[in-house]
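One letter stands for each residue in the lines below.
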Amino acid sequence: EELTYIKNNTFKVGVLPDFPPFSINNDGIQTGLSNDILELFSKKHNIKFEYVVDSWPIILQKFKDKDIDIIDTISYKEKRLLFTHYTKPYYEIPLVIFSQKKLTGYKGIEDLRGKKLGMTRDIFYKDTVKDLNIFDVIEYDSFDKKLRALAFSEVDVIFGHLLSTQSNIIKSGYTNMKVLGELNLPQIKKTDLRFGITRDNNLLYSIISKAFDAISTENWNQLHHKWIGVYAQNSTQMIDSNIDLTFEEKKYIANKKVIKVQNEQNWPPYNFNDGEPKGFSIDYTNLIAQKLGLKIEYITGYSWDDYMGQLKKSEIDVINNISKN
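Basis of the calculations
Residues numbered from 1 in each chain as written. Predicted model: local features only at pLDDT ≥ 70, side-chain atom pairs only at ≥ 80, totals over all residues. Heavy atoms only, no water. Helix = DSSP H or I, 4+ residues; strand = E, 2+ residues; numbered from the N terminus. Expected span 1.5 Å × (residues − 1). Buried < 20%, exposed > 50% of the residue type's maximum accessible area, 1.4 Å probe, protein only. Patch = residues over 30% accessible without salt bridge, like charges linked within 9 Å, V, L, I, M, F, W, Y side chains within 5 Å. Areas by Shrake-Rupley, 256 points an atom, 1.4 Å probe, with all protein chains shown as cover. Salt bridge = Lys/Arg side-chain N within 4 Å of Asp/Glu carboxyl O. Polar contact = N/O pair within 3.5 Å; in protein donor to acceptor, adjacent residues only side chain to side chain. Pairing = 2+ DSSP bridges. Core = buried A, V, L, I, M, F, W, Y, C linked by side-chain atoms within 4.5 Å. Contact = heavy atoms within 4.5 Å. Axes fitted to C-alpha atoms, helices over the stretch in contact; angles between N-to-C directions. Parallel < 35°, antiparallel > 145°, perpendicular 65-115°, else oblique. Left-handed = near helix turned anticlockwise from the far one by under 90°. Nonpolar A, V, L, I, M, F, W, Y, C, P; charged D, E, K, R; others polar.

*Asks:* Explain helix H7 (residues 202-213) residue by residue, including any values.
*Replies:* In a regular helix each residue adds 1.5 Å, so 12 residues correspond to 16 Å; H7 covers 16 Å between its end C-alpha atoms and thus fits that length. If you check which residues of H7 are buried, you get Leu204, Ile207, Ile208, Ser209, Ala211 and Phe212.

Dropping the structure here:
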């Protein structure tokens with residue numbers, strides 16, 4: 001029955017044009033992590049998709065009206081169970097507070113009481129935020145309009161996902177924005193990104209769930225490396241998604257320009273200098289730096305005692321090949 005249904009139908013998927021690296025539309029060409037997942041479904045199971053690209057409020061309404069069969073980047077909310085079958089999450093990301101650079105003195109969310117908050121219409125955390133009774137909430141029909149409102153001081157703050165928001169800030173050429181901090185509320189934790197299938201289409205839900213479960217660990221690793229690791233490093237110098245760092249640690253890396261690391265003059269094969277830093281320890285350090293998005297400056301030409309003195313004075317950050325004592 002499922003095979004026959006796949007053969008005889010093309011399924012409409014509602015996708016966003018501006019949510020990198022998950023859903024991106026450039027000149028009518030759809031790319032991104034979620035697109036590659038759907039392409040895997042097509043390749044492995046011959047499922048045919050037709051993409052409907054629009055802003056979140058519009059594709060959500062089309063999904064409710066059953067004009068589309070599947071909606072991308074939907075997050076779990078109990079009230080949406082009336083019209084949604086959810087897949088498992090394909091990614092989870094924290095929400096971050098963005099403001100203009102001129103806003104200072106932020107220590108916690110109470111410092112934003114009375115501020116204007118730009119919010120995408122019908123976003124999943126809308127009711128929760130309004131119930132906090134902290135913000136003057138102004139809704140916008142798209143993420144681009146919300147971001148522009150912050151850039152031109154129509155609102156004081158917005159919430160966004162770190163990677164996609166920073167990518168859009170860079171693309172739009174805005175230079176007056178900064179990250180205030182992670183939105184750390186018990187009611188709003190990480191955003192879970194899923195596919196939603198219309199509630200009364202149990203057959204399609206069964207098909208998509210099976211296709212989702214059939215994605216191998218190798219496929220997931222390839223997808224995450226392509227879209228989360230590599231894309232993040234290239235566009236915003238973010239961190240490999242497989243490394244579980246806190247927000248403060250990520251912020252430290254973003255602000256730390258260079259890490260100074262000791263490089264021995266002559267201790268092969270571990271740590272030596274042959275016109276450039278070489279050795280096992282150097283390769284190991286470079287690999288760590290690559291995964292974290294760090295820039296390394298190697299300090300060479302000193303004695304071991306000199307390096308120890310530099311480390312004590314914080315003149316270098318890392319010393320290699322040290323024994324625990």
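*Asks:* So what's going on with a nonpolar patch on the surface? Which residues, and what values?
*Replies:* Residues Trp267, Tyr270, Phe280, Tyr284 and Ile288 make up a contiguous nonpolar surface patch of roughly 570 Å² in combined accessible area. The dominant element in the nonpolar patch, judged by the number of residues it contributes, is helix H10 (residues 280-292), at 3 residues. Using a relative accessible area of 42% as the deciding quantity, one classes Trp267 as partly exposed.

*Asks:* Can you lay out the side chain of Asn25 for me, pointing to particular residues and giving the numbers?
*Replies:* By secondary structure assignment, the location of Asn25 is in strand E3 (residues 23-26). Within the structure, Asn25 has its side chain in polar contact with the backbone nitrogen of Gly28 (distance 3.2 Å). There is a polar contact of 2.9 Å between the side chain of Asn25 and the side chain of Gln30.

*Asks:* Please give an account of the sheet that holds E3 that cites residues and values.
*Replies:* Strands sit in the order E2-E3-E4 across an open sheet of 3 strands; the sheet is antiparallel. In this open sheet, the two edge strands, each paired with only one partner strand, are strand E2 (18-19) and strand E4 (29-31). Where E3 lies against E4, 3 bridges are found, and the strand directions are antiparallel. Bridging from a neighbouring strand, Ile24 pairs with Thr31 of E4.

*Asks:* Explain the sheet that holds strand E16 (residues 266-267) residue by residue, including any values.
*Replies:* Read from one edge to the other, the open sheet built from 3 strands follows the order E16-E17-E18, with strand pairing classed as antiparallel. For this open sheet the edge positions go to E16 and strand E18 (277-278), each flanked by a neighbour on one side alone. Inspection of the sheet shows E16 paired to strand E17 (residues 271-273) by 2 bridges, in the antiparallel sense. Bridge pairing in E17 links Asn266 to Phe272.

*Asks:* I'd like a description of the nonpolar core, backed by residues and values.
*Replies:* Core analysis: the biggest nonpolar cluster contains 42 residues, and Phe22, Ile37, Phe41, Ile47, Phe49, Ile70 and Tyr90 have the highest contact counts within it. Contacts of Phe49, omitting those with residues within four sequence positions, involve Thr10, Phe11, Val13, Leu38, Phe41, Ser42, Ile70 and Ile208.

*Asks:* Would you mind going over the environment of Tyr140 in detail, with residue names and values included?
*Replies:* By the secondary structure assignment, Tyr140 is in strand E11 (residues 136-140). Once the C-alpha coordinates of Tyr140 and Lys291 are considered, the two residues, 151 residues apart in sequence, prove to be 36 Å apart. Ignoring sequence-local partners within four residues, the contact set of Tyr140 consists of Gly118, Met119, Thr120, Arg121, Lys145, Lys146, Ala149, Glu154 and Val155. Side chain to side chain, Tyr140 and Glu154 meet in a polar contact 3.3 Å long.

*Asks:* Please give an account of the environment of Glu2 that cites residues and values.
*Replies:* Note that Glu2 resides in helix H1 (residues 2-8). A relative accessible area of 23% means that Glu2 is categorised as partly exposed. When residues no more than four places from it in sequence are discounted, the contact partners of Glu2 are Leu203, Ser206, Ile207 and Lys210.

*Asks:* Account for the pairing of strand E12 (residues 157-161), naming residues and giving values.
*Replies:* Most of E12 sits inside the fold, with 5 of its 5 residues counted as buried. Of the two faces of E12, the one lined by Val157, Phe159 and His161 and the one lined by Ile158 and Gly160 are each fully buried. Bridge analysis of strand E10 (residues 116-120) against E12 gives 2 bridges, and the strand direction is parallel. Paired with Gly118 across the bridge in E12 is Ile158.

*Asks:* Describe in detail helix H3 (residues 56-64), supporting the description with residues and values.
*Replies:* Within the span of H3, buried status applies to Trp56, Pro57, Ile59, Leu60 and Phe63. Of the surrounding elements, those touching the buried residues of H3 are strand E1 (10-15), strand E5 (48-53), strand E6 (70-74), strand E7 (84-86), E10 and strand E14 (191-198). The first or second residue beyond H3 is Lys66, which carries a positive phi of 65°.

*Asks:* Can you lay out the packing of helix H5 (residues 143-151) against helix H6 (residues 162-172) for me, pointing to particular residues and giving the numbers?
*Replies:* Viewed as axis vectors pointing N to C, H5 and H6 meet at an angle of 70°, and their least axial separation amounts to 11 Å. One element, H5, and the other, H6, form an angle in the roughly perpendicular class. Both H5 and H6 take part in a crossing whose hand is right-handed. Along its contact with H5, which presents Phe143, Asp144 and Leu147, the element H6 presents Thr165, Asn168, Ile169 and Ser172. In terms of residue class, the contact of H5 with H6 is built from 3 nonpolar, 3 polar and 1 charged.

By themselves, these observations are geometric and do not establish any function.
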